[in-house]
Amino acid sequence: MRKKRLFISSVQKEFEAERSALRDYLHADPLLRRFFDVFLFEDLPASDRRTDAVYLEEVAACDLYVGLFGDEYGYEDGAGISPTEHEFNRATELGKPRLIYVKGADDKAKHPKMQALIRRASPQLIRRRFTDADELCSALYASLIEHLERTGAIQSLPFDEQPCRDATLDDLDAEAVRRFIREAHHKRQFSLSENTPVVDVLTHLNLIRDGQPTQAAILLFGKDPQRFLSCSEVRCMHFHGAVIQRPAPYYRIFKGNLFEQVDQAVDFVLSKIDLSVGTRALSTQAPTRYELPPDVIREAIVNAVAHRDYSHQGAIQVSVFADRLEVWNPGELLAPLTLEQLRKPHRSLTRNARVCEALYLAGYIEKYGTGTLMMIQESIEYSLPEPDFDQPAGEFVATLWRDWLTAHVLAGLDLNDRQHAVISHLKVSRQITNAEYRRLTGATDRTAARDLEDLVNKGLLSKTAKTGRGTAYRLVQKPAINPTNPTSGNPT
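Residues numbered from 1 in each chain as written. Predicted model: local features only at pLDDT ≥ 70, side-chain atom pairs only at ≥ 80, totals over all residues. Heavy atoms only, no water.

## Quick look at the side chain of lysine 96
Along the chain, the position of lysine 96 falls in the loop between helix H3 (83-93) and strand S4 (98-103). Buried and unpaired, lysine 96 has no salt bridge, with aspartate 63 as the nearest side chain of opposite charge at 5.9 Å. Looking at lysine 96, its side chain comes within polar contact range of the main-chain oxygen of alanine 60, at 2.9 Å. Sequence-distant contacts of lysine 96, defined by excluding residues within four places in its chain, comprise Val59, Ala60, Ala61, Cys62 and Ala91. (Helix = DSSP H or I, 4+ residues; strand = E, 2+ residues; numbered from the N terminus. Buried < 20%, exposed > 50% of the residue type's maximum accessible area, 1.4 Å probe, protein only. Lys, Arg positive; Asp, Glu negative; His and termini not counted. Salt bridge = Lys/Arg side-chain N within 4 Å of Asp/Glu carboxyl O. Polar contact = N/O pair within 3.5 Å; in protein donor to acceptor, adjacent residues only side chain to side chain. Contact = heavy atoms within 4.5 Å.)

Structure, rendered in structure tokens:
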């Protein structure tokens, strides 16, 4: 199958970065690179042909014309017309499909002739606005996918880009859209204003198809998303022990749009874990600290909402146990991403590109695969074990381990200075050997053995089956030892 050729037209100097970004994006995308090649004049070798002739020949040979219109108009020939306008005119004369992207939300600062070109193109074409290269790539991706579907080159859409059956624009919450715009403007300098019509916002975000809201539009801004997608909810449970109990002592189901689900689920977890209050020694306000980092809790829940398989009938499940927090969502990692790669720098892959774009703009996620790395780093800084990630039976689960060894608990255990010194190590590594104990504390072999046996007797450590120097001591998950932890006592 012959690849379709894209001609990218713009003032080269003004859009040097964007032109390169589009070329690299199309070459890297596993789907688009199967169908498209990109022409950039700057990639051509030196030639004795006239520049304007090359431009117009390439326009005639291309399958799609992509116009980037910015502030500058560019070099003007004897007739006062720039290459960009000549190229647009040629594509129009030849009936080429034309995709126009205008940089910025306001045209007042643009060259008068560029303003006139934009006005002339407006009645003929749907124009998309963009603020940076990432937004431009996202908009072009949506347009090219739509072109491939319209021409029959591909026959299916990702779930979140499919039209939501039976939904109309009346099923969207205009106030939710305005709240999103406010957040996106504050967090990411979003280009649209609060008074932008809902249909224009959806068009800008690629959340409308043939006049109908997509599945992503309903999930993000629907008045009642569960009317159309019944399992798009977060089920939160609180158990007093370390195992599942039926029925759950405390159970809540959060519905509404995805932003509301994230906020409500995070609040649920924070209400069920320990919050310590410090002294006013350093300021007039006493410091507070949750036993789990709030940012890590939020990231685990946002990841579940952003990356779950919404075609699956299961719901997201958030379970607060006495020793851990588990966040489950339907859908495994997308290949080639693996569990091991989550613990090192990795690219971001998702099955819900439109949902993720909106969550990114509203400041809920980052785009670059840094979420799990942040979760690991902040857990370590909290003297907690690294989170666990797993994929049992087609689902993904993130586990955050709670800190049940509070200062109050440790004060009641009558530990010596050496034993206190290894607590932070145990919270992170979860186990210790006699040799490690000696290295960390400077104790002798006999003293280390005596201290470790004392920690076993006090219920903090359990001994492995090995004996002698190879014996390892594992930190016990026994939160009932903590009287200040609300999950170990009476129901809250």
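That covers the picture; the talk isn't over yet.
## Brief notes about the packing of H3 against helix H4 (residues 112-121)
Direction vectors running N to C along H3 and H4 enclose 15°, while the axes themselves pass 11 Å from each other. Classified by the angle between their axes, H3 and H4 sit roughly parallel to one another. Crossing handedness for the pair H3 and H4: left-handed. Between H3 and H4, the contacting residues are Glu85, Phe88 and Asn89 on the first element and Leu117, Arg120 and Ala121 on the second. Considering only residue class, the contact of H3 with H4 consists of three nonpolar, one polar and two charged. (Axes fitted to C-alpha atoms, helices over the stretch in contact; angles between N-to-C directions. Parallel < 35°, antiparallel > 145°, perpendicular 65-115°, else oblique. Left-handed = near helix turned anticlockwise from the far one by under 90°. Nonpolar A, V, L, I, M, F, W, Y, C, P; charged D, E, K, R; others polar.)

## Here we look at H4
It helps to recall that an α-helix has 3.6 residues per turn; residues three or four apart then point in one direction. The complete set of buried residues in H4 reads Met114, Leu117, Ile118 and Ala121. One side of H4 carries all its buried residues, which in axial view fall inside an arc of 100°. Turned more than 90 degrees away from the buried face of H4 sit Pro112 and Arg119, all of them exposed. (Arc of directions from axis to C-beta.)

## Structural notes on the sheet that holds strand S16 (residues 431-433)
Here three strands make up an open sheet; going across it, the order is S16-S18-S17 and the pairing antiparallel. Of all strands in the sheet, those bounded by a partner on one side alone are S16 and strand S17 (461-463). Adjacent strand axes in the sheet meet at a mean angle of 30°, parallel and antiparallel pairs treated alike. Packed onto the sheet, helix H17 (residues 445-457) meets S16, S17 and strand S18 (472-475) and runs at close to 110° relative to S17. (Pairing = 2+ DSSP bridges.)

## Let's talk about the nonpolar core
Membership of the largest hydrophobic core comes to 68 residues, with the highest contact counts inside it found for Phe180, Phe221, Val269, Ile297, Val318 and Leu325. Beyond its immediate chain neighbours, meaning those up to four positions away, leucine 325 contacts Val269, Leu292, Ile297, Val318, Ser319, Val320, Ala398, Thr399 and Leu400. Counting 26 residues, the second largest nonpolar core, distinct from the first, contains Phe36, Leu148, Ile154 and Leu157. (Core = buried A, V, L, I, M, F, W, Y, C linked by side-chain atoms within 4.5 Å.)

## A few points about the confidence of the model for the chain
Low pLDDT means the predicted atomic positions in that stretch should not be read closely. On average, the chain scores 87 in pLDDT, and the residues at 70 or more come to 91%. Predicted confidence is poor over residues 478-492, with pLDDT under 50, and the contacts of this stretch with residues over four places away or in other chains come to 41 contacts. (pLDDT = per-residue confidence, 0-100.)

## Some points on the pairing of strand S13 (residues 324-330)
Along S13, six of the seven residues are buried, which leaves the element largely enclosed by surrounding structure. Note: strand S12 (residues 316-320) against S13, four bridges, orientation antiparallel. In the sheet register, glutamine 317 faces S13, and the bridge partner there is tryptophan 328. Where S12 folds back onto S13 in an antiparallel hairpin, the turn is made up of three residues. Here S13 runs beside strand S15 (residues 395-401); their pairing, made up of seven bridges, is antiparallel. Bridge pairing links glutamate 326 to threonine 399 in S15.

## Describing the state of the cysteines
For the structure shown, the criterion picks out zero disulfides. Looking at cysteine 356, it has no disulfide partner, and the nearest cysteine sulfur is the one in cysteine 137, 17 Å off. Relative accessible area serves as the criterion here: at 10%, cysteine 356 is assigned to the buried category. (Disulfide = S-S within 2.5 Å.)

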